[in-house]
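Fold and geometry: a report
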Amino acid sequence: MPKSDEQLIRIKDDRRSDIVVSALKVFCEKGYSGATINDIVKKAKCSHGLFYHYFDSKKAIFDAVMETRGKNMMDFLDEVMKNSDNYVEKLKKLTEYTFANMKKDEIFAYRYYFFVSNVFMRVESGESPPKNCKKAPPHVRMFAFFEEGMKRGDFKDDYEASEYARLYNCIIQGATLNFILCPKEFKPSFNFPRIETIIDIFKKGATR
């Protein structure tokens, strides 16, 4: 029985989505410069013809990956900001959410790593954020987060808020990369850093 137009559109969307997810993984594993279209095609298990049906270059698929920003993570960050006045508690909830979701959904881990690293590099180099980034990217929002937490006396003030934000992002990004590169059979037992240890780096009054 011939497929309906709606089914055909869904199949095309699914195929495109598979290629974008495969590209996300390749960019995380090899970086933009090291990644090739051949790597992406191999990861997606598709033909070069199918790739070029949707994208005309590596830059085009990179932009497509950039457009699939981590909306759920950003929405959760918004929720955390509203629900407590204590910035140490907010940081704890955010870190718990991030690690728990990485364990549940490997694609979440890839997205987190990609958006922290790639958006960070683009903004730091003076380039503007991606066109579809209506909200500030995660690391920019974390600068403001630590700044406010320091003003309220929840975080240490030995360094600038931007330094604490960079340090936090590096810790989470490093843990994420270790998780991404960990062989699949070891992922269920993968140990992220202790959340209490991370929090104590920033918490005012912590002595450990």
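Just so you know, these numbers come straight off a predicted model, no measurement behind them.

With respect to the helices and strands, the residue Thr 98 is situated in helix α6 (residues 87–104). Overall, the relative accessible area of 1% leaves Thr 98 in the buried class. Ignoring anything within four residues of it in the chain, the contact list for Thr 98 reads Phe 108, Tyr 112 and Ile 172.

As a further point, take the packing of aromatic side chains. Applying the stated criterion across every chain yields a total of 24 aromatic pairs. Between Phe 27 and Tyr 32 the ring centres are 5.7 Å apart and the planes differ by 25 degrees, which places this aromatic pair in the stacked class. Between Phe 27 and Phe 114, the ring centres sit 6.5 Å apart and the planes meet at 40 degrees, which makes this aromatic pair tilted. Of this pair, Phe 27 sits in helix α1 (residues 5–34) while Phe 114 sits in helix α7 (residues 106–124), and the two are 87 residues apart along the sequence. Judged on exposure class, the residue Phe 27 and its partner Phe 114 are both buried. By the ring-pair criterion, three or more aromatic residues cluster together here, those being Tyr 87, Phe 145, Phe 146, Phe 155, Tyr 159, Tyr 164, Tyr 168 and Phe 202. Over the aromatic face of Tyr 87 sits the side chain of Lys 90, whose NZ or CZ is 4.7 Å from the ring centroid. A cation over an aromatic ring shows up here: Lys 187 above the ring of Phe 179, its NZ or CZ 5.3 Å from the ring centre.

Our next topic: the confidence of the model for the chain. The predicted model of the chain has a mean per-residue pLDDT of 82, with 77% of residues at 70 or higher. Element-level pLDDT for the chain is lowest in helix α5 (residues 71–83), with a mean of 68, against a maximum mean of 96 in helix α2 (residues 37–44). Within the model, pLDDT remains below 50 along residues 129–134, and this stretch shows 6 contacts once partners closer than five positions in the same chain are excluded.

For the rest of this paragraph, the subject is the nonpolar core. With 58 residues, the main nonpolar core has Ile 19, Phe 27, Leu 91, Phe 114, Phe 146, Phe 155 and Tyr 168 as its most contacted residues. Among the elements that line this core, the one with the most residues is α7, at 9 residues. Apart from the residues lying within four places of it in its own chain, the contact partners of Leu 91 are Met 142, Phe 145, Phe 146, Phe 155, Tyr 168, Ile 199 and Phe 202.

Cut-offs and rules
Residues numbered from 1 in each chain as written. Predicted model: local features only at pLDDT ≥ 70, side-chain atom pairs only at ≥ 80, totals over all residues. Heavy atoms only, no water. Helix = DSSP H or I, 4+ residues; strand = E, 2+ residues; numbered from the N terminus. Buried < 20%, exposed > 50% of the residue type's maximum accessible area, 1.4 Å probe, protein only. Contact = heavy atoms within 4.5 Å. Phe/Tyr/Trp six-rings, centres within 6.5 Å; stacked < 30°, edge-to-face > 60°. Lys NZ or Arg CZ within 6 Å of the ring centre and 35° of its normal. pLDDT = per-residue confidence, 0-100. Core = buried A, V, L, I, M, F, W, Y, C linked by side-chain atoms within 4.5 Å.

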